[in-house]
Structures are given as structure tokens and as C-alpha cells.
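A closer look at the structure
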Amino acid sequence: MAKILVVVDMQNDFIDGALGTPEAVKIVPYVKEVIEGFDGKVFFTRDTHFENYMDTAEGKKLPVKHCIKGTPGWELDAAIVRALEGKPYTPVEKLTFGSVTLPELIRKAAGEEDFTVTLLGLCTDICVVSNAVVLQSKYPEA
């Protein structure tokens, strides 16, 4: 059985940047530990916006510029980058809360094997749960 880890949006803007919180800062060591100890395929998502963010539907509802591609806030936290070193991983840019490309990337990585998926990251009540719902909808037996 293939084991898949999905690390959701462990980006600077969600940790200690534009939308950061003390709670997000506190989970970084835990997420790092899980990545380092994980024996399987790792995917990480990056919330990805552009300079026109404030003109988007999301930007009108959440008027805080964040995760603008190419900015320091869009980058993964340095501890997470160190945890990924030497591990095979797949980055996934997502333009909305749940990645529509992630399910197919996971299926390709697992091949014909059955698989389990572990998700962790930020923000649990929006992006983590959205990705969980997308994956469960596509693969109800996983």
C-alpha cells in the first residue's frame, strides 16, 4: 500500500506573515517532525495568488494580500524546506482552497497500488479540509 503525505500551505504568510498566528508558528516543529519521519510519497501545496489578488472573488471576501507568487510570503517555511531535503516530493500550486490537480497527481504517484493519505498543515478549517473533501470525493475507498 502506498503511503501519501500532503503538507498543506506551510507558507510564510500563513505562519508568521500576513495571515500568520501564534498557533501556526507552534505547529511548525510538529509538521517538520512528521515530514522527516514519513516513509512514503510527499506532496506539498502552495496557496498561490497574483498581484491582482484584491480584484479576485477571494480577495474581495478576504482583503489581505497573501501568498503572492514569487514573494517571501509565498515561500515555504525554512524548517519545512529543511525537512523536505533529500526526500522525493511533489510541489502543487493551488489557486483555490482545494487543489483540483492533487487527486490525479496522487493517483499517478501511487500507480496501481491502493493508498492512504495523511494531511496536515494550514489552515485546517479552510484549505486542509477542502483538500480532504476533494480527495475523499475522488477516492472514497482511500
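Residues numbered from 1 in each chain as written. Predicted model: local features only at pLDDT ≥ 70, side-chain atom pairs only at ≥ 80, totals over all residues. Heavy atoms only, no water.

**Some words on the pairing of strand S1 (residues 2-8)**
Counted residue by residue, S1 has six buried out of seven residues, so it is predominantly covered. One ladder, built from seven bridges, connects S1 with strand S4 (residues 115-121); its direction is parallel. If you follow Val8 over to S4, its bridge partner there is Gly121. One ladder, built from five bridges, connects S1 with strand S2 (residues 41-47); its direction is parallel. Note that in S2 the partner of Val7 across the bridge is Phe44. (Buried < 20%, exposed > 50% of the residue type's maximum accessible area, 1.4 Å probe, protein only. Helix = DSSP H or I, 4+ residues; strand = E, 2+ residues; numbered from the N terminus. Pairing = 2+ DSSP bridges.)

**Some details on helix H5 (residues 102-110)**
Of all the positions in H5, only Leu102, Pro103, Ile106 and Ala110 are classed as buried. Take H5 and look down its axis: the buried residues cluster within an arc of 100 degrees, on one side only. Phi for Gly111, located one or two positions after H5, is positive at around 65 degrees. (Arc of directions from axis to C-beta.)

**What to know about the pattern of salt bridges**
In total, this model carries six salt bridges according to the counting rule given. In this structure, the salt-bridge partner of Lys94 is Asp9, at a minimum N-O distance of 2.9 Å. On the criterion of sequence distance, the pair formed by Lys94 in strand S3 (residues 89-94) and Asp9 in the loop between S1 and helix H1 (12-15) is long-range, its members being 85 residues apart. Overall, Lys94 belongs to the buried group, its relative accessible area being 1%. Owing to a relative accessible area of 0%, Asp9 belongs among the buried residues under this scheme. A salt bridge links Asp47 to Lys94; the shortest N-O distance between them is 3.7 Å. With a gap of 47 residues between them, Asp47 in strand S2 and Lys94 in strand S3 connect regions that are remote in the sequence. (Salt bridge = Lys/Arg side-chain N within 4 Å of Asp/Glu carboxyl O.)

**Quick look at the layout of surface pockets**
Roughly 290 Å³ of volume is contained in the largest pocket. In terms of lining residues, the largest pocket is bounded by 15 residues, among which Phe14, Leu19, Leu122, Cys123 and Ile126 are the most central. Of all the elements, helix H6 (residues 124-138) adds the most residues to the lining of the largest pocket, at three residues. When the residues that make up the lining of the largest pocket are grouped by side-chain class, the tally is nine nonpolar, four polar and two charged. (1 Å grid on protein atoms, 1.4 Å probe; cavity = no way out; pocket = protein on both sides within 12 Å on 5 of 7 lines; lining within 4 Å. Points joined across faces, edges and corners; volume = space filled by probe spheres on them. Nonpolar A, V, L, I, M, F, W, Y, C, P; charged D, E, K, R; others polar.)

**Focus: the side chain of His66**
Among the structural elements, His66 can be located in the loop between helix H3 (57-61) and helix H4 (78-84). At 3.3 Å, the side chain of His66 and the side chain of His49 are in polar contact. With sequence-adjacent residues up to four places away left out, His66 is seen in contact with Asp13, Phe14, Ala18, Leu19, Asp47, His49, Tyr53 and Glu58. (Polar contact = N/O pair within 3.5 Å; in protein donor to acceptor, adjacent residues only side chain to side chain. Contact = heavy atoms within 4.5 Å.)

Taken by themselves, the reported measurements are silent on function.
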